[in-house]
6 protein chains.
Amino acid sequence: MAMQLRFCGLKADPACAPVVVFGAPFDGTTSFRPGARFAPARMREDSWGLETYSPYQGEDQEDYDLADAGDLELSPGNAASAIRAVNCFATPLIEAGQVPVMIGGEHSLTLGAFRAALESYPDLHLIHIDAHTDLREDYLGERLSHASVIRRCHDLIGDGRIHSFGVRSGLREEFSFAAKKLDFHPFDLKMFPQVLETLGDLPLYVTIDLDVLDPSVFPGTGTPEPGGISFHDLLTALLALKGKVIVGADIMELSPLLDLSGASTAVACKILRELTLVIAAPGFHV
Amino acid sequence: MAMQLRFCGLKADPACAPVVVFGAPFDGTTSFRPGARFAPARMREDSWGLETYSPYQGEDQEDYDLADAGDLELSPGNAASAIRAVNCFATPLIEAGQVPVMIGGEHSLTLGAFRAALESYPDLHLIHIDAHTDLREDYLGERLSHASVIRRCHDLIGDGRIHSFGVRSGLREEFSFAAKKLDFHPFDLKMFPQVLETLGDLPLYVTIDLDVLDPSVFPGTGTPEPGGISFHDLLTALLALKGKVIVGADIMELSPLLDLSGASTAVACKILRELTLVIAAPGFHV
Amino acid sequence: MAMQLRFCGLKADPACAPVVVFGAPFDGTTSFRPGARFAPARMREDSWGLETYSPYQGEDQEDYDLADAGDLELSPGNAASAIRAVNCFATPLIEAGQVPVMIGGEHSLTLGAFRAALESYPDLHLIHIDAHTDLREDYLGERLSHASVIRRCHDLIGDGRIHSFGVRSGLREEFSFAAKKLDFHPFDLKMFPQVLETLGDLPLYVTIDLDVLDPSVFPGTGTPEPGGISFHDLLTALLALKGKVIVGADIMELSPLLDLSGASTAVACKILRELTLVIAAPGFHV
Amino acid sequence: MAMQLRFCGLKADPACAPVVVFGAPFDGTTSFRPGARFAPARMREDSWGLETYSPYQGEDQEDYDLADAGDLELSPGNAASAIRAVNCFATPLIEAGQVPVMIGGEHSLTLGAFRAALESYPDLHLIHIDAHTDLREDYLGERLSHASVIRRCHDLIGDGRIHSFGVRSGLREEFSFAAKKLDFHPFDLKMFPQVLETLGDLPLYVTIDLDVLDPSVFPGTGTPEPGGISFHDLLTALLALKGKVIVGADIMELSPLLDLSGASTAVACKILRELTLVIAAPGFHV
Amino acid sequence: MAMQLRFCGLKADPACAPVVVFGAPFDGTTSFRPGARFAPARMREDSWGLETYSPYQGEDQEDYDLADAGDLELSPGNAASAIRAVNCFATPLIEAGQVPVMIGGEHSLTLGAFRAALESYPDLHLIHIDAHTDLREDYLGERLSHASVIRRCHDLIGDGRIHSFGVRSGLREEFSFAAKKLDFHPFDLKMFPQVLETLGDLPLYVTIDLDVLDPSVFPGTGTPEPGGISFHDLLTALLALKGKVIVGADIMELSPLLDLSGASTAVACKILRELTLVIAAPGFHV
Amino acid sequence: MAMQLRFCGLKADPACAPVVVFGAPFDGTTSFRPGARFAPARMREDSWGLETYSPYQGEDQEDYDLADAGDLELSPGNAASAIRAVNCFATPLIEAGQVPVMIGGEHSLTLGAFRAALESYPDLHLIHIDAHTDLREDYLGERLSHASVIRRCHDLIGDGRIHSFGVRSGLREEFSFAAKKLDFHPFDLKMFPQVLETLGDLPLYVTIDLDVLDPSVFPGTGTPEPGGISFHDLLTALLALKGKVIVGADIMELSPLLDLSGASTAVACKILRELTLVIAAPGFHV
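Note that this is a predicted model, so its numbers are computed, not measured. (Residues numbered from 1 in each chain as written. Chains lettered and ligands numbered in written order. Predicted model: local features only at pLDDT ≥ 70, side-chain atom pairs only at ≥ 80, totals over all residues. Heavy atoms only, no water.)

### Regarding the side chain of S145 of chain F
All names here are of chain F. Going by this rule: Comment: elements are numbered from the N terminus, with helices defined as DSSP H or I runs of at least four residues and strands as E runs of at least two. Relative accessibility decides the category of a residue: with a 1.4 Å probe and only protein chains considered, values under 20% of the type maximum give buried, values over 50% give exposed, and everything between is partly exposed. Distance and chemistry together define a polar contact, namely a pair of N or O atoms within 3.5 Å, with one atom able to donate a hydrogen and the other to accept it when in protein, and with adjacent residues in sequence counting only for side-chain atoms on both sides. When checking whether two residues touch, look at their non-hydrogen atoms; a contact exists if any pair is within 4.5 Å.
Residue position: S145 is located in the loop between β6 (125-129) and α4 (149-157). Given the relative accessible area of 2%, S145 is considered buried. In terms of polar contacts, S145 uses its side chain to reach the backbone amide nitrogen of A147, at 3.0 Å. Excluding its chain neighbours within four sequence positions, the residues that come into contact with S145 are T29, S108 and Y139.

Right, dumping it as structure tokens:
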């Protein structure tokens, strides 16, 4: 009998696997169209239509100890407790040298996993790939909103350690702030390889808000922003991360019900496959 | 030029109209499928396809001073502040003798308007029409959840003053609680006229969770519960309220994007038309 | 090879068949949500999922000479010419003793077929089954709108010869007009058999705006009106027409794209099956 | 961490639970619109929005040993092997005195489970609730089609032992066959209690093709047939089965993607809850 | 209280603002799939999810006097009167030196605004960006159809003054006509900057049929034509218009209900933001 | 009267036309999301919104004898008999020198037409454009599955005669097999012109699984694979086929209901137009 709850390709034991995927089904502060809470469940379901073999990397998920730890149970209306729950889950993993890969949910949850990584790796840098600046001091008074998550990360990590790519929407003040305080590369990922090179072996947390993709590629998200990057652009960036020291990562803001064709969910699944292989491959293959 | 923001049929000045409709676009604690935040905007838009004349009552909204005060601005992720905002808006209206009619948004918001009414009318009774008991002490730790709203009202008003109709889903404990503490009439509205008669001229707050309707009639809601009542059943109950002392009311939990046909939104609009006429007609027509 | 353009069950030659179905794909004056133009094509396609045998009548379409003449070619933006085209198509049929059954398209087209019938049958009566009064003198200045079609029929036929059933929406003036000038039975079809009896062997034109059905049964229509009749109610009325002298009929306002489930299209197909059998059966079976 | 693959309310061990639910995700012979293969997965997911307590029966699934055995792995294009797989799964269960409850998938699969029951219970009777006769000798040459499943059951069990309710569509020959060979009660379930009474303690297999419900209640099915029964009608029939000797059952033909509102899936989940409680309650509660 | 009827970012007084956006919700001659009538309302609603700051231009709509004049009230079935209404609205604006920017609605309406501009600016040139030639003499007899609008403009303005870009669909005769009578650059916008240069300070009317975009970017339109341009291509063309003398413009043929993801509406909103800034910026910033 | 069953632009007599399009509405072995069976019917319907003139080729379908032979009648659950039916239909056409162009339906059907071509043309080569390898020995035990179709073709034709382009998904073993046994050009079509040149005047069968296109361009398919080619890439490849000896071709795996916008169906129609013109043009124009 088949009980296929977990992601296809992720069949190791979460207790000891080097890479541990988990779902964070929360979208409580979404300002426009909610639904990112359904991403982990729908991605698990649709992942069974995807191969575990990556022809881009010539690697197969079956050859690595990749785990799926299931979903966190998060109360729908409370962002602070959801971020706390993410932090509580990610902290022991990171302390044990495992790499958590979060499937959102909304972008504000990144704060929980990022803070867990920062505690173990004080020299952490943040790779931020997104359509939006997410640098508001607050959104309608809420400081833990998805629109403020990178600002909160900056509160923790300070200037020059956030490397932001692909942004094409935000307030004028946010663009000014980004230009001054961040390593800011709006509109595309052209500078991605160069920036990576400067980072050497520094520990990295990688957060991908999937709305960085053009809505033609990825319509299934709460706030579609025309003028985004292609799937090939994002894939190329992921492959460039191979060999880097990634200590935590996330893939956020798929809202699967907004794309009835299932293409957006397929994109998210494929990005997850490539990302887990990028993280796992160098350390365990040899 | 046409700028039709307001509901069709509601064109009086909110500052002095006896009946004031307002939107409360918040769905932050929704546990299953969010989207009730879009109800007020979509209802306003679609209301222009509806006549202002009710052939059921022989009355026309054009003949009464009915107002639309627009939407409250509510932060997406914070139920407590949303409930507070509803309370702040409703209190001065009720003190001035105006009747607020809230368009949800999720059911937890009822607490804000109900409390406002209770302060001005200490002998208030609550008419509760719903598919769900909404009597949980808390939901995943949250006490201000949509699943707890009637329990919170009971905290304020005590035993025997909540008259609950149509409920067909809940925990065993909730049904027990309801049987002991509420005037509880599950499954249908058959006892509605008799109960109303016992209430005489007592002030009433009427809360309608539209999911009391069968999903065939009203699929556009977050948690569809088969086995519900018909449109005709609900309409009949509304007409039975004519002449009663309604000091506040609400229509909650339309999630318009879940019903692409627009039928659910049309149901909500028609219920609003009939409800506003029921409230307005006896007092101002003569 | 299968080329199933025609309706399943309608395979006679239109040139001589006693009952001739045709499509009128026009929705140019629709005031709210257009799309009725797609009804004939989608009904033809989906009719092949329907049996030709009616267990309600114990009759099979295969046993009768029922024809499908295809669709009229109607220019999208011109109601007057579309009505004229319907009239031109229906007139020779009616003069030859054939019964045209039109699949709309919007309700205004009824005028073309009705006028054709009236010319051959000066003592014609109109059976009108609809959610809306359709009695406006004009709609935003247009006198040939779907909202005026019964008023235009009344212009031709005068008082007391329109028998209207099921109406639950309209202006106050329209309800007044209806009460004075029509044989008016709003809200339901309860009086349908009695009224039919009074009509004896008079020639009848039967126009069915499918939005008379409750939106739960028939969400696929431009202006859904909650509070409508059931499929069983409409079916019962159709069966009551058996043996009557029907000289023309139509089924209007299916907008198939608004109901992705296909249920509305199935309803329309089944109504068409029953209607064609009701018209054909008495005259040719014996 | 939550990994909620199983149905909410079904948490016993399938190896020994008296009632064992399993999914059969196959729709290979569907003639019109496929998609029933997705029913088990979508029902499991949405079941978590449903309470385990039935206010209709005053029983809670938590109080009984109900199990979910997951899904059979069925090859998409081969009906014969799918039916065989169902048979192989159901046979040992029935031999061990456990009651299998299948979630379809298409109706042809009933043959596999029905045959398993017949082998253990030679005096088995079949309760058949359906919109369609399903009595074709073959469908386009295929004898194992969903349109022939009851005919195949009749091949095995002979005259007078199939009790068929709610049928409203089929060929004229099928209706004739049914009238002669079956205990045939078309259109509704009015005779259901009387028929049950005549069956006393005979072992029963209950097959429910959910398209027996009116499309207003249950649009999410491949071949919607207007004119069906209400949710209340079906629920009443289920409750009438309480105390009967049910040795196998199934719920077939939900096609969840055809009803974006989720209402059809909710109907199927609720029917499953009531059915499992009806089967389990008398034997273990006392 | 929030009453957000107008476009986000357009808050000046239409009576005196240099740039005046207005909606023209008419789609009466649409030959394939109607629905463009819903574009202005849906764009206004969704514009509130968009920032007013353009990172492409480094400009913010808040810094300019941009106005939203609401929607024209247009009778559904009458193209001639809709075009006339557009003309009546645009004429006084243009005479007062204000720039009207129309949100369609179908493309035929361009004729009304274009004619208004031509009356004030006899040396007007037309910039035409579209997937279709729109050069038919008539469409099924109608001369004011969306398929004839550029032909009608040519009737008024003559050879060599229509600069057409991106066209990839039409009759052979239309392509011949275009090659002879228009400045015709089919398939893409590569020649756009060069052509603009030749036009110097001539007054321009810019009409954008959004179906020029590839359906991957913009599926929400009545007649999707594969092989179109990218968002970036169109954006680049808009930015090239900066500093030009634009005396009128329009954005046509968004049909929002055809793209449930909302991405097409987001594209239209962003094009509107960039266009209004392009028109407004040079004249008032300094 | 218009009865537009056939494809727009294909109006010759199938008995003698050099190019004969036919539909094969079968999707019985689809492993993920079925629905390709609806492609031929929906493409015929929507083809009437497309021009018959190709501006890319400067050719008009009206100038060639192109025929539409309608749909094969295929039993839903039996892949072997469906493939046989395709073979039976294609064989006499090919023997008569006519070129069959199949509209799928699922990819497994290619085997039927390919085998027919191979019998007449022993030196046949296969041009395979697809997102998937389709090289499995079997899929869940089925050897005639869509996932095995190219492997079955290889069984017939042997090494080096299958030229495969665009593949980006498959098992590791399939990629190995492809690298050894096929002329394999994964990910894109860059090598397409060079490969064609090497093939000279050899007879070619061209099979296009439309999922080779990126899901942004073509979301309407059962298994969307991000990272695909553009419409322009595929169009360029088609045009490169002009002058080649194409003796059979197919366009497979459009699943129209998965793309409500209709864009995927439009893509398929346009590819069909270009393909039929590419095949027909060199031989008959001169």
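After that view, the rundown keeps rolling.
### Describing helix α2 (residues 79-95) of chain B
Residue and element names in this part refer to chain B. What counts, and what does not: To estimate how far a helix should extend, the number of its residues minus one is multiplied by 1.5 Å.
The end-to-end C-alpha separation of α2 is 24 Å, in line with the 24 Å expected for 17 residues at 1.5 Å each. Along α2, the residues classified as buried are A79, A82, I83, V86, N87, F89, A90, T91, L93 and I94. Elements that come into contact with the buried residues of α2 comprise β1 (19-24), β4 (66-71), β5 (99-104), α3 (110-120) and β10 (245-252). Between a side-chain oxygen at the N-terminus of α2 and the backbone nitrogen of A80 the separation is 3.3 Å; the capping residue is N78. Positive phi shows up at G97, right after α2, with a value of about 85°.

### As for the pattern of salt bridges
Residue and element names in this part refer to chain F. Rules: When a carboxyl oxygen of Asp or Glu is within 4 Å of a side-chain nitrogen of Lys or Arg, the pair counts as a salt bridge.
Within the structure shown, the criterion is met by 98 salt bridges over all chains. Measuring nitrogen to oxygen at the nearest pair gives 2.8 Å for the salt bridge that ties R152 to D155. Residue R152 and its partner D155 are located together in helix α4, separated by three residues, close to a single helical turn. Here R152 falls in the buried class, since its relative accessible area comes to 6%.

### Quick word on the relation of the copies chain A and chain B
Just so we agree on the cut-off: For the least-squares superposition of copies, only C-alpha atoms count, and only for residues with pLDDT at least 70 in both.
Relative to chain B, chain A is turned by 180° and slid 0.0 Å along the rotation axis, the superposed coordinates differing by an RMSD of 0.0 Å. What the superposition gives is, in effect, a two-fold axis relating one chain to the other. Looking at chain A, 100% of its interface residues are interface residues in chain B too, so the copies touch through the same face.

### Some remarks on the packing of helix α3 (residues 110-120) of chain A against helix α4 (residues 149-157) of chain A
Residue and element names in this part refer to chain A. Note the following rule: Helix axes are fitted to C-alpha atoms over the stretch in contact, other axes to C-alpha atoms as well, and angles between N-to-C directions run from 0 to 180 degrees. By the definition adopted for this analysis, an angle is roughly parallel if under 35 degrees, roughly antiparallel if over 145, roughly perpendicular if from 65 to 115, and oblique otherwise. Whether a crossing is left-handed or right-handed is set by the direction in which the near helix is turned from the far one by less than a right angle, anticlockwise for left-handed and clockwise for right-handed. Charged means Asp, Glu, Lys or Arg here, nonpolar means Ala, Val, Leu, Ile, Met, Phe, Trp, Tyr, Cys or Pro, and polar covers whatever is left, Gly included.
α4 packs onto α3 with a crossing angle of 20° between their chain directions and a minimal axis gap of 10 Å. Classed by the angle they form, the pair α3 and α4 counts as roughly parallel. When the axes of α3 and α4 are compared, the crossing they make is right-handed. Only V149, R152, C153, L156 and I157 of α4 make contact with α3, whose side of the interface consists of T110, L111, F114, R115 and L118. Of the residues that constitute the contact of α3 with α4, the class distribution is seven nonpolar, one polar and two charged.

### Digging into the pairing of strand β10 (residues 245-252) of chain F
Residues and elements named next belong to chain F. Quick reminder of the rule: Strand pairing requires that DSSP identify at least two bridges connecting the strands.
Within β10, seven of the eight residues are buried, leaving the element largely enclosed by the surrounding structure. Looking at chain direction, strand β5 (residues 99-104) and β10 are connected through three bridges and run parallel. Following the sheet pairing, V101 is matched in β10 by A249. Across seven bridges, the pairing between strand β9 (residues 203-209) and β10 is parallel.

### With respect to the sheet that holds strand β10 (residues 245-252) of chain C
Residue and element names in this part refer to chain C. The eight strands lie next to each other as β4-β1-β5-β10-β9-β6-β7-β8, forming an open sheet whose pairing is parallel. For this open sheet the edge positions go to β4 (66-71) and β8 (183-185), each flanked by a neighbour on one side alone. Across the sheet, the mean angle from the axis of one strand to that of its neighbour is 15°, orientation sign disregarded. Direction of pairing for strand β6 (residues 125-129) relative to strand β7 (residues 162-165): parallel, over a ladder of four bridges.

### Side note on the pairing of strand β9 (residues 203-209) of chain B
Residue and element names in this part refer to chain B. How we decide: The handedness rule is simple: strands pointing away from the viewer, and a clockwise path from the first strand over the helix to the second, make the crossover right-handed.
Among the seven residues that make up β9, seven are buried, leaving the element largely enclosed by the rest of the structure. With burial as the criterion, each face of β9 is covered, one bearing P203, Y205, T207 and D209 and the other bearing L204, V206 and I208. As paired elements, strand β6 (residues 125-129) and β9 share five bridges and run parallel to each other. The partner of H128 across the bridge, within β9, is T207. A crossover links β9 with its parallel partner β10, the connecting element being helix α7 (residues 231-240), and its sense is right-handed.

### Structural notes on the confidence of the model for chain A
Rules: A score from 0 to 100, pLDDT tells how confident the predictor is in each residue.
This prediction gives chain A a mean pLDDT of 94; 97% of its residues lie at or above 70. Scoring the predicted complex yields pTM 0.93 and, for the interface, ipTM 0.93.

### Observations concerning the interface of chain A and chain B
Defined as follows: Defined here as a combined quantity, buried area equals the accessible surface (1.4 Å probe) lost by two parts on assembly, summed across both.
Listed per partner, the contact involves 20 residues of chain A and 20 residues of chain B. Of the roughly 1500 Å² buried between chain A and chain B, counting both surfaces, carbon and sulfur atoms make up 58%. Between chain A and chain B we count zero salt bridges in total. Connecting chain A to chain B are four residue pairs in polar contact (both at pLDDT 80 or more). Here the side of chain A that touches chain B is built from residues that sort into seven nonpolar, eight polar and five charged.

### Thoughts on the packing of aromatic side chains
Stated precisely, the cut-off is as follows: Here is the rule: rings of Phe, Tyr and Trp (six-membered ring for Trp) pair when centre to centre is within 6.5 Å. Planes less than 30 degrees apart are stacked, more than 60 are edge-to-face, and the remainder are tilted. In this analysis the charged atom, NZ for Lys or CZ for Arg, is taken to sit over a ring once it is within 6 Å of the ring centre and within 35 degrees of the ring normal.
In total, this model carries 36 aromatic pairs over all chains according to the counting rule given. Ring geometry for F22 of chain A and F89 of chain A: centres 4.5 Å apart, planes at 50°, overall tilted. Of this pair, F22 of chain A sits in strand β1 (residues 19-24) while F89 of chain A sits in helix α2 (residues 79-95), and the two are 67 residues apart along the sequence. Per residue, the accessibility class of F22 of chain A equals that of F89 of chain A, and both read buried. Among the aromatic side chains, those forming a connected cluster through ring pairs are Y53 of chain A together with F175 and F184 of chain F. Stacked on the ring of F177 of chain A, the Lys or Arg R151 of chain A has its end atom at 4.1 Å from the ring centre.

### Remarks on a nonpolar patch on the surface
The cut-off we apply is this: Each patch is built from residues that are more than 30% exposed by relative accessible area and take part in no salt bridge. Like charges join if they lie within 9 Å; nonpolar side chains (Val, Leu, Ile, Met, Phe, Trp, Tyr) join within 5 Å. Per-residue and other accessible areas were derived by the Shrake-Rupley procedure at a 1.4 Å probe size, with only the shown protein chains allowed to occlude residues.
Side chains of L260 of chain A, L260 of chain B, L260 of chain C, L260 of chain D, L260 of chain E together with L260 of chain F sit close together on the surface and give an oily, nonpolar patch of about 420 Å² of accessible area. Tracing the chain through its elements places L260 of chain F in the loop between β10 and α8 (263-284). For L260 of chain F, a relative accessible area of 35% puts it in the partly exposed group.

### Here we look at the side chain of H163 of chain A
Its place among the elements puts H163 of chain A in strand β7 (residues 162-165). Leave out the neighbours within four places in its chain, and H163 of chain A touches H125, L126, I127, H128, D183, V195 and L199 of chain A.

### Some points on the arrangement of the chains
As for chain E relative to chain D, no contact occurs, and the smallest C-alpha gap between them is 12 Å. One finds no contact linking chain B with chain F; the least C-alpha distance across the pair is 12 Å.

### Some words on helix α7 (residues 231-240) of chain E
As a reminder, the rule being used: What the arc measures is the spread of directions leading from the helix axis to the C-beta atoms.
All of the buried residues in α7 of chain E are F231, L234, L235, A237 and L238 of chain E. The arc that holds the buried residues of α7 of chain E, viewed along the axis, is 160°, so those residues lie on one side.

### Examining the sheet that holds strand β4 (residues 66-71) of chain F
Residue and element names in this part refer to chain F. If you walk across this open sheet you meet the eight strands as β4-β1-β5-β10-β9-β6-β7-β8, and the pairing is parallel. What marks the edges here is a single partner per strand, and that holds for β4 and β8 (183-185). When the angles between neighbouring strand axes are averaged without regard to direction, this sheet yields 15°. Relative to β9, helix α3 (residues 110-120) is tilted by about 175°, and along the sheet it contacts β5, β6, β9 and β10.

### Some details on the packing of helix α2 (residues 79-95) of chain E against helix α3 (residues 110-120) of chain E
All names here are of chain E. One way to put it is that α2 packs onto α3 with a least axis distance of 7 Å and a crossing angle of 35°. In the packing of α2 onto α3, the handedness of the crossing is right-handed. Contacts between α2 and α3 pair I83, V86, N87, A90, T91, I94 and E95 from the former with L111, G112, A113, R115, A116, A117 and S120 from the latter.

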